[in-house]
Amino acid sequence: MLKNCEVHPTTSSEAYPFPDIRKTSNFVFWNRTRLYIMVLTLACLTFIQMNTLTFNFTVICMEDIVEDHHRLTNYTDTHWFERNTEKSLLFSGAAIGGLIGLIPSVPLISSLGLRNVQTISGLISAAGAILFPLAVSIGFSASLICRILQGVGSAIMFTAVGVVPGVWAPSREANTFMAILSCALQLSNIICMPVSGLLCESVLGWRSIYYLFGALTLVVYGLFWFTYTDDPKLHRNVSQKELGKISTGKIEKIKESVPYLAVCTDPTVIITWVSCFGGNMGFFVLSLYGPTYLREILKFDVRETGFLSALPFILSAIIKFAAGQVSDKLTFLSEKARFVFFAATSQIGFAAGLVVMAFTSSRLVAQIAFNFAIVSSGLNIMGVIKCIQLRCLQHVHFAIAVISFTAYVVQFLAPIIVSIICPDNTPEQWTILFLFITGIIIVCNAGFPFITKSEAADYTKPRNVKVENAL
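Residues numbered from 1 in each chain as written. Predicted model: local features only at pLDDT ≥ 70, side-chain atom pairs only at ≥ 80, totals over all residues. Heavy atoms only, no water.

Pulling in residues and values, what's your account of the overall build of the protein?
Across its full length, the protein carries 20 helices and four strands. Counting across all 471 residues of the protein, residues that qualify as buried make up 58%. Long-range contacts, defined here as pairs at least 24 residues apart, represent 81% of the contacts in the protein between residues at least 6 apart. A total accessible area of about 19,700 Å² is found for the protein, and carbon and sulfur atoms account for 69% of it. (Helix = DSSP H or I, 4+ residues; strand = E, 2+ residues; numbered from the N terminus. Buried < 20%, exposed > 50% of the residue type's maximum accessible area, 1.4 Å probe, protein only. Contact = heavy atoms within 4.5 Å. Areas by Shrake-Rupley, 256 points an atom, 1.4 Å probe, with all protein chains shown as cover.)

What follows is the structure, given as structure tokens:
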């Protein structure tokens with residue numbers, strides 16, 4: 001006999017003709033299990049992103065490995081960490097891993113589910129972080145392998161941001177849900193940069209950062225494995241009342257193959273991918289090289305660099321959370337008006353911040369513009385990702401996987417571009433870089449407001465069944 005069962009009749013539009021029996025727990029998080037899932041997923045995404053970011057900061061405080069090498073060799077040999085080519089490859093290593101991880105991600109999510117794939121990703125990311133200090137002592141090749149593992153682990157991030165809200169969020173909370181999950185990009189910097197700055201200058205040293213973040217990644221992903229489900233119906237802590245709230249007005253997604261050609265030739269999808277490429281180019285240049293810019297150009301010390309690198313991401317997370325709630329309440333505007341507004345506001349503000357950074361000689365003005373640019377970039381998730389969710393529906397995981405692919409391409413290209421344009425890290429070279437990135441952002445985003453559509457594409461409609469859950 002089942003204990004604590006809830007029985008509810010299905011409607012004629014549901015997939016099953018018999019009453020649906022669900023076994024539930026006595027504890028249902030006050031009918032807000034979805035909020036627990038949101039916070040848990042946010043923590044998981046934050047830690048895998050932190051594992052890829054840590055090197056971007058510790059690169060400025062790893063001089064001890066060079067000094068130790070010189071003492072051992074009596075200054076007769078150059079350490080690989082002193083060569084810009086090897087450093088650039090380590091910066092790009094996470095992007096290489098991301099590209100490798102994305103290749104199997106779409107078919108694996110379709111066959112194994114997000115829970116299994118994301119848990120495996122977390123374990124890989126943790127291994128890459130925990131083993132990195134050992135790898136550095138072994139040599140460049142081992143270090144690059146660990147960076148690639150960190151990237152493989154983070155490959156699931158953008159896909160999860162797009163998929164989890166569609167599964168767990170009620171329709172009227174979807175934008176807020178997505179905005180909060182996408183804050184993983186900001187939270188990872190908020191936590192990583194100041195903590196790294198403190199530990200780098202402590203007796204524990206830079207190696208402790210990797211051990212700490214890697215261990216915490218294992219903890220949160222263990223919790224994720226035991227308490228997350230790919231369907232709210234299967235979660236013991238989801239009450240019937242909450243399930244009804246989550247399900248009302250949604251599309252019942254039937255497992256089916258992705259119409260790759262149709263998605264890839266959809267003008268709305270194509271221009272969204274192009275727009276994301278431009279926005280990501282600016283974001284990742286500032287994310288990857290923000291500490292270097294603050295340290296080498298604006299001349300802040302290591303501890304100041306840690307806190308100042310985190311500041312714009314704190315502001316971005318706050319603004320993004322507010323923007324998600326505002327978007328959910330702007331029901332008098334069409335869906336397209338809302339996502340175009342956020343996309344345009346984001347990219348125009350981003351470009352303006354870069355232009356100011358390019359031409360100002362004031363350290364204060366440059367810091368303000370740096371903050372403004374990153375805060376503006378955070379709003380783009382409410383534009384492009386929302387657009388592609390509305391357009392692709394059940395195939396959104398593939399569309400977002402391509403966005404992830406372009407993001408990792410950008411992460412791979414960014415170190416190459418920076419090393420070519422800014423070989424000496426002079427203010428004049430950074431001015432050229434900022435103007436170059438501004439041009440890319442403008443060109444890639446110019447067509448977004450005019451080409452995109454908010455209606456679901458034809459390739460999504462024939463295979464779906466409408467769920468009208470009145471519970």
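Still to come is the rest of the account.
Explain the nonpolar core to me, using residue names and the numbers behind them.
Formed by 139 residues in total, the largest nonpolar core has its most connected members in Phe55, Trp206, Trp273, Leu286, Tyr293, Ile388 and Leu433. Broken down by element, the residue count for this core peaks at 14 residues, all from helix H18 (residues 396–421). Both domains that meet at this core, namely domain 1 (28–249) and domain 2 (259–460), each give it at least three residues. Excluding anything up to four places from it in sequence, isoleucine 388 contacts Val269, Thr272, Trp273, Leu393, Val396, Ala399, Ile400 and Ile403. (Core = buried A, V, L, I, M, F, W, Y, C linked by side-chain atoms within 4.5 Å. Domains from an automatic or database assignment.)

Tell me about the state of the cysteines, and please be specific about residues and values.
Disulfide: a covalent bond formed between the sulfur atoms of two cysteine residues. Tallied over the entire structure, the rule returns one disulfide. In this structure cysteine 276 is a free cysteine whose sulfur lies 9.1 Å from that of cysteine 387, the closest cysteine sulfur available. (Disulfide = S-S within 2.5 Å.)

Run through the pattern of salt bridges, naming residues and quoting values.
Under the defined criterion, the tally for this structure stands at five salt bridges. A salt bridge links aspartate 266 to arginine 391; the nearest nitrogen and oxygen atoms lie 2.8 Å apart. Within this pair, whereas aspartate 266 is found in the loop between helix H12 (260–264) and helix H13 (267–297), its partner arginine 391 is found in helix H17 (residues 384–392), the two being separated by 125 residues in sequence. In this pair, the class of aspartate 266 matches that of arginine 391, namely buried. (Salt bridge = Lys/Arg side-chain N within 4 Å of Asp/Glu carboxyl O.)

Report on a nonpolar patch on the surface, specifying residues and quantitative values.
Among the surface-exposed residues, Leu311, Ile314, Leu315 and Ile318 lie close enough to one another that they form a single nonpolar patch of about 300 Å² accessible area. You can see isoleucine 314 is positioned in helix H14 (residues 302–329). You can call isoleucine 314 partly exposed: its relative accessible area is 35%. (Patch = residues over 30% accessible without salt bridge, like charges linked within 9 Å, V, L, I, M, F, W, Y side chains within 5 Å.)

Outline the packing of helix H1 (residues 33–58) against helix H6 (residues 140–154), supporting the account with residue identities and numerical values.
At a closest axis distance of 8 Å, the pairing of H1 and H6 adopts a crossing angle of 145°. Helix-helix and strand crossings are classified by hand; for H1 and H6 the assignment is left-handed. The segment H1 lies against H6, with Ile48, Asn51, Thr52, Phe55 and Asn56 engaging Arg147, Gln150, Gly151, Gly153 and Ser154. (Axes fitted to C-alpha atoms, helices over the stretch in contact; angles between N-to-C directions. Left-handed = near helix turned anticlockwise from the far one by under 90°.)

Quick rundown of the environment of threonine 460? Include the residues and the values.
Here threonine 460 shows up in the loop between helix H20 (448–451) and strand E4 (465–466). Note on threonine 460: relative accessible area 0%, which makes it buried. Those residues within four positions of threonine 460 in sequence are excluded, and the remaining contacts are Arg391, Cys392, Leu393, Gln394 and His395. A distance of 2.7 Å separates a polar atom in the side chain of threonine 460 from the backbone oxygen of alanine 457. (Polar contact = N/O pair within 3.5 Å; in protein donor to acceptor, adjacent residues only side chain to side chain.)

Lay out the side chain of arginine 34 with the relevant residues and their values.
Looking at where arginine 34 falls in the secondary structure, it is placed in helix H1. Not counting residues within four places of it along the chain, the set of residues in contact with arginine 34 comprises Trp168, Pro170, Glu173, Phe177, Glu242, Lys245 and Ile246.

Go over unusual backbone geometry with me, naming the residues and quoting the values.
Note: most peptide bonds trans; most residues except glycine with negative phi. In this model, tryptophan 30 sits at a positive phi of 55°, which is unusual for a non-glycine residue. Among the secondary structure elements, tryptophan 30 is positioned in the loop between strand E2 (20–23) and H1. Residues other than glycine seldom take positive phi values, yet asparagine 31 does so here, at roughly 60°. For asparagine 31, the location among the structural elements is in the loop between E2 and H1.

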